[in-house]
Amino acid sequence: MDRLIQMLESDFERKQALLCVSSLSLPQCYIAAGFLRNLVWDSLHNYRVPTPLNDVDVVYFDPKEQRPDRYLAYEKYLSNCLPHLNWQVRNQAVMHKKNHDPAYTSTLDAMSYWPEKETAVGVRLLEDGCYDFISAFGFESLLAGKVSHNDKRDKHVYQSRLKTKLWLKKWPLLEPEHYI
């Protein structure tokens, strides 16, 4: 984790985003997906300027939350903190309905259904200033520059995302899992 901590510590914008999200005090709350994945891929490519984030995915798990649109208030709060970022906040306790999956039991369980293993990663800032990392599949393949399909999702979803998100164009040294 030292390598990931060094990457985060050298990225002022990501540190600010983590600070804003931690102030929400949401249960099992992490900034996930491209927030950490892109940081690693940029590092592997020795990019001096970070690749711009399309969005900042904030995931949390609160099965007791009463209002299904509560995430909108969280997005508004975060937009007031860092207005130049496109915040997307989602309660993973309800996302299984949209994704047609069995009910998720935690943020980590929800992440275990994401299309690429290397996307199923997240980080949060703890009260003591330390980072807490989470991954449904570990960090080894991410740190090795791989992109691999999660068997819980159709391989065509993975292939489509690989093409439409232009990952191999942005990060040409990545090693994608291919299907014949």
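No experiment lies behind these values; they were computed from the predicted model shown.

## Some words on the pairing of strand β3 (residues 87-91)
Piece 1. Residues Trp87, Val89 and Asn91 point to one face of β3 and are all buried, whereas Gln88 and Arg90, pointing to the other face, are not buried.
Piece 2. Sheet analysis places strand β2 (residues 56-60) next to β3, joined by five bridges and oriented parallel. Residue pairing for β3: Val58 is matched across the bridge by Val89.
Piece 3. The parallel pair β2 and β3, bridged by helix α4 (residues 70-81), forms a crossover whose chirality is right-handed.

## A few points about the nonpolar core
Piece 1. Within the largest apolar cluster, 39 residues are counted, with the highest numbers of intra-cluster contacts made by Leu8, Phe35, Val58 and Trp87.
Piece 2. Of the residues forming this core, the biggest block, five residues, is contributed by helix α3 (residues 34-44).
Piece 3. When near neighbours in sequence (up to four residues on either side) are disregarded, Phe35 contacts Leu8, Arg14, Ala17, Leu18, Leu53, Val56 and Val123.
Piece 4. Ranked by size, the runner-up nonpolar core spans eight residues in total, among them Val59, Met111, Trp114 and Ala120.

Quick notes on the rules
Residues numbered from 1 in each chain as written. Predicted model: local features only at pLDDT ≥ 70, side-chain atom pairs only at ≥ 80, totals over all residues. Heavy atoms only, no water. Buried < 20%, exposed > 50% of the residue type's maximum accessible area, 1.4 Å probe, protein only. Helix = DSSP H or I, 4+ residues; strand = E, 2+ residues; numbered from the N terminus. Pairing = 2+ DSSP bridges. Right-handed = clockwise from strand over helix to strand, strands pointing away. Core = buried A, V, L, I, M, F, W, Y, C linked by side-chain atoms within 4.5 Å. Contact = heavy atoms within 4.5 Å.

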